[in-house]
Amino acid sequence: MPKVIRNVFFRILLFYLLTVIIIGFNVPYNYPNLSTKSTLTSPFTIVFSMAGSKSGGSFINTMILTSILSGGNHALYAGTRVLYGLAVAGQAPRIFQKTNRNGAPWVSLLAIASVSLVFFGASFLPNGGAEIFTWAQNLVGVSNQIAWWCIGVASWRFRAAWKKQGRSISDLKYPNPAGDWGAPVVVFSTTFIILIQGWSSFDGGFDAVSFVSNYVELPVFALLYIMWRIAKRVKTPSLSQMDLDSGRHHDSVEDEEDNAKTAARASGKFGWLWKVYDAVV
């Protein structure tokens, strides 16, 4: 698991930050028509043109299409598994636990896929495409921020409970490099983003539709959380009572063998190449 986490970090560093830095060094901020939505004036297309390529726009269109398919596939898989997991945990209707003979949660899959179908169908309504896209974009954005806020709160309490119970941070498989400040920074920064991301609702006059699409999830999230706590009579455990061992991952024999092979390759003649390979692949 620590290897996977480290690889994700380096992949983001390589494919996102490095790409943005390269584009920033080559494409000036005042490039003509840079702010349009055409792929012909995409910063990526401009870089390809500067390099002498005449098919940059077509290449970017291909990349956008493959990214959409990849992102949709990921969202469909993740949403299905989350809904199935909630049903197994008793936090969603039991019908979503149903699987076929191969173990695929088909009911959850159909439920998640139907959401995409509804948005796709609504996009054909008169003048509805742009508004539907705005709603979907805002809902997804707020959902992501709420998810990261929850991750930050959970990480904050986990680290506090770990220390409260007399455990050493060095015992963790992958301690947070940011130390005690990592989780609070995530919580406060995501709170700030959630509160201001709907600022455009007030720009040039109050826009009720934009305001609702940006903030409707906040009361829904709070209501569902409070209702669950009341209905199930869930109490928040103290730091000393938190269960930190159930479901904890322990390296299997295969994991240890893989770690040994990776360490052996990294210490060899072309170790630095293997480190790059392990970080990217």
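Residues numbered from 1 in each chain as written. Predicted model: local features only at pLDDT ≥ 70, side-chain atom pairs only at ≥ 80, totals over all residues. Heavy atoms only, no water.

Trainee: An account of the overall build of the protein is requested, with residue identities and associated values reported.
Mentor: Looking only at helices and strands, one finds 10 helices and 0 strands in the protein. Counted from the first residue to the last, the protein has its helices and strands arranged as α-α-α-α-α-α-α-α-α-α. Here the C-alpha coordinates of the protein stretch approximately 60 × 60 × 45 Å along the principal axes. By residue count, 19% of the 281 residues in the protein fall in the buried class. Within the protein, counting contacts between residues at least 6 apart in sequence, those at least 24 apart form 52% of the total. Put simply, the protein shows about 20500 Å² of open surface, and 67% of that area lies on carbon and sulfur atoms. (Helix = DSSP H or I, 4+ residues; strand = E, 2+ residues; numbered from the N terminus. Buried < 20%, exposed > 50% of the residue type's maximum accessible area, 1.4 Å probe, protein only. Contact = heavy atoms within 4.5 Å. Areas by Shrake-Rupley, 256 points an atom, 1.4 Å probe, with all protein chains shown as cover.)

Trainee: Please give an account of the packing of aromatic side chains that cites residues and values.
Mentor: Counting across every chain of the model gives 6 aromatic pairs. With 6.1 Å between their ring centres and 70 degrees between their planes, Trp156 and Phe188 make a pair best called edge-to-face. Residue Trp156 is located in helix α5 (residues 129-164), and its partner Phe188 is located in helix α6 (residues 182-196); the two are separated by 32 residues in the primary sequence. By relative accessible area, Trp156 is classed as partly exposed at 36%. Classification of Phe188 as exposed rests on a relative accessible area of 55%. Aromatic side chains Phe158 and Trp162 sit 5.6 Å apart centroid to centroid with 40 degrees between the ring planes, which places their arrangement in the tilted category. Of this pair, Phe158 and Trp162 both sit in helix α5, separated by 4 residues, roughly a single helical turn. Looking at Trp162, the relative accessible area reads 2%, which means it is buried. Among the aromatic side chains, those forming a connected cluster through ring pairs are Phe202, Phe206, Phe211 and Tyr215. Across the ring face of Trp162, the terminal group of Arg167 is positioned such that the distance to the ring centre comes to 4.9 Å. (Phe/Tyr/Trp six-rings, centres within 6.5 Å; stacked < 30°, edge-to-face > 60°. Lys NZ or Arg CZ within 6 Å of the ring centre and 35° of its normal.)

Trainee: Could you give me a rundown of the pattern of salt bridges, with the residues and numbers involved?
Mentor: Close approach of charged atoms lets side chains of opposite charge pair. Applying the stated criterion across every chain yields a total of 3 salt bridges. Here Asp180 and Lys163 are joined by a salt bridge, their closest N and O atoms 3.1 Å apart. Placement of Asp180 in the loop between α5 and α6 and of Lys163 in helix α5 is noted, with a sequence separation of 17 residues between them. The exposure class of Lys163 is partly exposed, given its relative accessible area of 43%. In this structure, the salt-bridge partner of Arg167 is Asp245, at a minimum N-O distance of 3.0 Å. Linking Arg167 in the loop between α5 and α6 with Asp245 in the loop between α8 (217-232) and α9 (253-266), this pair joins segments that are 78 residues apart in sequence. Judged by relative accessible area, which is 25%, Arg167 ranks as partly exposed. Residue classification places Asp245 among the partly exposed positions, given a relative accessible area of 38%. (Salt bridge = Lys/Arg side-chain N within 4 Å of Asp/Glu carboxyl O.)

Trainee: Break down the side chain of Ser201 for me, with residues and values.
Mentor: In this fold, Ser201 is placed in the loop between α6 and α7 (208-215). Sequence-distant contacts of Ser201, that is, excluding residues within four places in its chain, are made with Phe206, Asp207, Ser210, Phe211 and Asn214.

Trainee: Provide a residue-level description of the packing of helix α3 (residues 56-88) against helix α4 (residues 106-122), including the pertinent values.
Mentor: The geometry of α3 relative to α4 is characterised by a closest axis approach of 8 Å and an angle of 125 degrees between their N-to-C directions. Judged on the interaxial angle alone, α4 and α3 are oblique. In terms of crossing hand, the pair formed by α3 and α4 is right-handed. Along its contact with α3, which presents Leu76, Gly79, Thr80, Leu83 and Tyr84, the element α4 presents Ser108, Leu109, Ala111, Ile112 and Ala113. Grouping the amino acids of the contact of α3 with α4 by side-chain chemistry returns 7 nonpolar, 3 polar and no charged. (Axes fitted to C-alpha atoms, helices over the stretch in contact; angles between N-to-C directions. Parallel < 35°, antiparallel > 145°, perpendicular 65-115°, else oblique. Left-handed = near helix turned anticlockwise from the far one by under 90°. Nonpolar A, V, L, I, M, F, W, Y, C, P; charged D, E, K, R; others polar.)

Trainee: If you had to explain α6 to someone new, which residues and values would you point to?
Mentor: Given 3.6 residues to a turn, an α-helix orients residues that are three or four positions apart in the same direction. Across its 15 residues, α6 extends 21 Å between first and last C-alpha, which sits within 8% of the 21 Å expected from 1.5 Å per residue. Every buried residue of α6 is accounted for by Gly182, Ala183, Pro184, Val187, Thr190 and Ile194. (Expected span 1.5 Å × (residues − 1).)

Trainee: Outline unusual backbone geometry, supporting the account with residue identities and numerical values.
Mentor: Even without being glycine, Arg233 reaches a positive phi, approximately 55 degrees. Turning to its location among the elements, Arg233 is positioned in the loop between α8 and α9.

Trainee: Go over α3 with me, naming the residues and quoting the values.
Mentor: When the terminal C-alpha atoms of α3 are compared, their 47 Å separation across 33 residues agrees well with the 48 Å that a helix rising 1.5 Å per residue should span. Within α3 the residues assigned to the buried category are Gly56, Gly57, Ile60, Gly79, Thr80, Leu83 and Ala87. If you follow the buried residues of α3, they end up packed against α2 (43-50) and α4.

Trainee: I'd like a rundown of the packing of α2 against α3, residues and numbers included.
Mentor: When two helices pack together, their arrangement is given by the angle between the helix axes and the distance between those axes. One way to put it is that α2 packs onto α3 with a least axis distance of 8 Å and a crossing angle of 140 degrees. Classed by the angle they form, the pair α2 and α3 counts as oblique. Classified by chirality, the crossing of α3 by α2 is right-handed. Facing Phe44, Thr45 and Phe48 of α2, the residues of α3 in contact are Gly56, Gly57, Phe59 and Ile60. Across the contact of α2 with α3, the residue classes tally to 4 nonpolar, 3 polar and no charged.

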